[in-house]
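Read off the chains here:
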Amino acid sequence: MKILIDISKKCIQGGSRRAYEDRLSACLKVSAENLDSLEQEIDALKNFLETADFSHLRSTHPALAGGVESQATLHYSEKSGFEIEAAGEIIPVPLSSK
């Protein structure tokens, strides 16, 4: 699964939160045949927001810190977990130790 995240005005965490909220709102407007795909994206984003080490991502990858006109693509698979594609590189997502 691939999810586009706008990080031009917010960091990867804020952009992901916005993407999550946008998809929650879209659930009220989407047709039944598109609901399953949207629910999968919501679940993936929720999991990402709850488990990723955003402090590490922002400090080690300036492109994910926001403030630069940019977008990132969140890749998720049950087998390999989360990766972020941004600024021409694939970034593995470390999990938070919380």
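The model shown is predicted, which means the values in this text are computed figures rather than measured ones.

**Q** How should the sheet that holds strand β3 (residues 81-86) be read in this particular structure?
**A** Two modes of strand pairing occur in sheets, parallel and antiparallel, and in both the strands are linked by backbone hydrogen bonds. The strand order β1-β2-β3-β4 describes an open sheet built from four strands, whose pairing is antiparallel. Where the open sheet ends on each side, the last strands, each with one partner, are β1 (2-6) and β4 (89-92). Across the sheet, the mean angle separating the axes of adjacent strands is 25° when strand polarity is ignored. Relative to strand β2 (residues 71-77), β1 runs antiparallel, the two sharing five bridges. Note on β2: the bridge partner recorded for K2 is H75. This element, helix α1 (residues 12-27), spans β1, β2 and β3 of the sheet and lies at about 115° to β1.

**Q** When you look at the nonpolar core in this model, what are you seeing that I'm missing?
**A** I12, F48, L57, L64, L74 and I84 are the most contacted members of the largest nonpolar core, which has 23 residues in total. Mapped onto this core, the elements with two or more residues apiece are β1, α1, α2 (32-51), α3 (54-60), β2 and β3. Considering every element that reaches this core, the biggest residue donor is α2, with six residues. Setting aside residues no more than four positions away along its own chain, I84 makes contact with I12, F48, L57, L64, A72, T73, L74, E89, I90, I91 and V93.

**Q** How should I be thinking about α2 in this particular structure?
**A** Because each turn of an α-helix spans 3.6 residues, side chains separated by three or four positions end up pointing in the same direction. An ideal rise of 1.5 Å per residue puts 28 Å on 20 residues; α2 measures up with 29 Å between its terminal C-alpha atoms. Regarding α2, the residues found buried are L38, E41, I42, A44, L45, F48 and L49. Along α2, the residues classed as buried sweep out an arc of 165° about the axis, all on the same side. Facing away from the buried side of α2, by more than 90 degrees, are the exposed residues A32, D43 and E50. Its buried side turned inward, α2 meets β1, α1, α3, β2 and β3.

**Q** What's the story with unusual backbone geometry in this structure? I'm lost.
**A** A negative phi angle characterises most non-glycine residues, just as the trans form characterises most peptide bonds. Positive phi, close to 50°, is recorded for A87, a residue that is not glycine. Structurally, the position occupied by A87 is in the loop between β3 and β4. For A87, a relative accessible area of 61% translates into the label exposed.

How each quantity is defined
Residues numbered from 1 in each chain as written. Predicted model: local features only at pLDDT ≥ 70, side-chain atom pairs only at ≥ 80, totals over all residues. Heavy atoms only, no water. Pairing = 2+ DSSP bridges. Helix = DSSP H or I, 4+ residues; strand = E, 2+ residues; numbered from the N terminus. Axes fitted to C-alpha atoms, helices over the stretch in contact; angles between N-to-C directions. Contact = heavy atoms within 4.5 Å. Core = buried A, V, L, I, M, F, W, Y, C linked by side-chain atoms within 4.5 Å. Buried < 20%, exposed > 50% of the residue type's maximum accessible area, 1.4 Å probe, protein only. Expected span 1.5 Å × (residues − 1). Arc of directions from axis to C-beta.

Shape is all these values report; function is a separate question.
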